[in-house]
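Inside the fold
Spelled out from the first residue to the last, the chains are:
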Amino acid sequence: MKSVAVAGFLIFLQIIRGERGLIREPEFLGNIGNISVAVGRDASLSCFVKNSQGYKVAWIRVDTQTILTMNHHIITRNHRIAVSQPEPLVWKLDIKEVRPRDAGYYMCQVNTEPMKSKLGYLEVVEPPGILDSSTSADQVVSQGESVVLSCKASGHPRPQIGWRREDGKLIRGGSDTGDEFQGEIISLSEVTKEDMGAYLCIARNGVPPAVSRRIILQVKYPPQIELTPKISEGRIGEALVLTCTATGFPEPVTSWIHDNRAIPSGGRFEIITELTDGYVITRLVIDPLKPHDNFSRYKCIGKNNLGTAEDSVTLKVKDRPAKTREDVRVKTDIYYKTPKLEIWEIEDLPRPDRKFPQSRGEAGRRGNLHQVQQERMNEVQLVFSSSTTSLFNISVMLLGFSCLYALLVQ
């Protein structure tokens, strides 16, 4: 009887200690593991516990020793924290819209004696972002000075910084293979106009998207002028174009000079100026050339606040040569057409000595063409204008063959 009483008392002690004495002690079925989540996304940490009935399963933030949840109850005031038990053995800690400060170790703990726990790590990755306060703005320096371009970025993991030029040229002091210049700082000593342009700072850390910042480096230098062609020849009555290319920063102002006088745009002169890739290109169109242009000198001048540059060329003007049969040029489409006759308008041919009788017919009118005279020769109509310096090229279909005839008129 005494042994039975002792056994009953022991059972009573187990009962008053709670249900845990009547079941097996909890045990973990695996590790929590580490997860990586991009900032702004939702994260979930899973804890696998067997025999957790009658025990308390808690989630704790390790670095702050903050109890976040206890079984199904949320202890923290952080509204982004939630706990769930989608399966009997799974306890999940859910964090909505994770922020960089959420990164760290989290503990899943069961209140056994002694306490049992597992750790998991939440990594919050963040795409790179350029730091304005530590990144260079656009730079303007004088030729021969030194300049430093810097670029820094935030993000996790720490971003790597690369540089390249927008125009594809190599960065001085960088790789000769065309690869990006690596590092947060570019240092250029004794800059020249060749260093001028847009530099792209590119930050990457494996978390998309990569970001870039465009930094413009401008180098001040006096104008440089090149006038082409070096040998300018033309013929009386024809047009001639002179091209002047000016570089410099600030952008040079260009002008044309002839006989020590500035040439305005108008009359037989036309000046066309355009800006292309940092070059000022100005063209002087002389139309028509005159006899007094022979051996005359034309000058192109470029100015900015750092100086003046000029280049010049001497014209050689020749008489217009006599027209030859090789000077034939088709001027328009078919002017007149019948099943056996096609008439094409031609220009710039000398007058033939042959005379043709006046015809009563009229092949048609076009532009400044007037009465068309005709003469029938072996079933071929030769047509010319009596009032213009034109000629006609005549294609006639005879017996299935195409025959080409030309009549020279003035």
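Just so you know, these numbers come straight off a predicted model, no measurement behind them. Residue numbering note: each chain is counted from 1, following its sequence as written. Local features in this predicted model are restricted to residues whose pLDDT is 70 or higher, and side-chain atom pairs enter the listing and the counts only when it is 80 or higher, whereas totals over whole chains, interfaces and linings include all residues. Side-chain descriptors were evaluated using all non-hydrogen atoms of the structure, hydrogens and water having been removed beforehand.

1. Observations regarding the overall build of the protein
Put simply, DSSP marks the helices as runs of H or I at least four residues long and the strands as runs of E at least two long, and each gets a number from the N terminus on. Along its length, the protein carries one helix and 32 strands. Only protein chains enter the accessibility calculation, which uses a 1.4 Å probe; a residue is then buried when its area is under 20% of its type maximum, exposed when over 50%, and partly exposed in between. Counting only residues that meet the buried cut, the protein has 36% of its 410 residues in that class. Whether two residues are in contact is decided by their heavy atoms, any of which lying within 4.5 Å being enough. A fraction of 57% describes how many contacts in the protein between residues 6 or more apart in sequence connect residues 24 or more apart. Surface accessibility follows the Shrake-Rupley procedure with a 1.4 Å probe radius. Residue values consider only the protein chains on display as shielding. Entry remark: accessible area of the protein is about 24,600 Å², with carbon and sulfur atoms responsible for 51%.

2. Some details on the packing of aromatic side chains
Any Phe, Tyr or Trp ring, taking Trp's six-membered ring, that has another such ring centre within 6.5 Å forms a pair; planes under 30 degrees apart are called stacked, those over 60 apart edge-to-face, and the others tilted. Inspection of the entire model under this criterion finds two aromatic pairs. Geometrically, the ring pair formed by Tyr105 and Tyr121 is edge-to-face, given 4.8 Å between the ring centres and 65 degrees between the ring planes. You can see Tyr105 sitting in strand β9 (residues 104–110) and its partner Tyr121 sitting in strand β10 (residues 116–130), a full 16 residues away along the chain. Classification of Tyr105 as partly exposed rests on a relative accessible area of 45%. Aromatic side chains Phe269 and Tyr298 sit 6.4 Å apart centroid to centroid with 55 degrees between the ring planes, which places their arrangement in the tilted category. Of this pair, Phe269 sits in strand β23 (residues 269–276) while Tyr298 sits in strand β25 (residues 297–304), and the two are 29 residues apart along the sequence.

3. Structural notes on the sheet that holds strand β1 (residues 27–28)
Strands pair in a sheet through their backbones, by hydrogen bonds, and they do so in one of two ways: parallel or antiparallel. Pairing within the open sheet is antiparallel, and its four strands lie in the order β1-β3-β8-β7. The strands lining the two open edges of the sheet, one partner per strand, are β1 and β7 (81–87). Should DSSP find at least two bridges between two strands, the strands are regarded as paired. The sheet contact formed by β1 and strand β3 (residues 43–50) spans two bridges and is antiparallel. Note on β3: the bridge partner recorded for Glu27 is Lys50.

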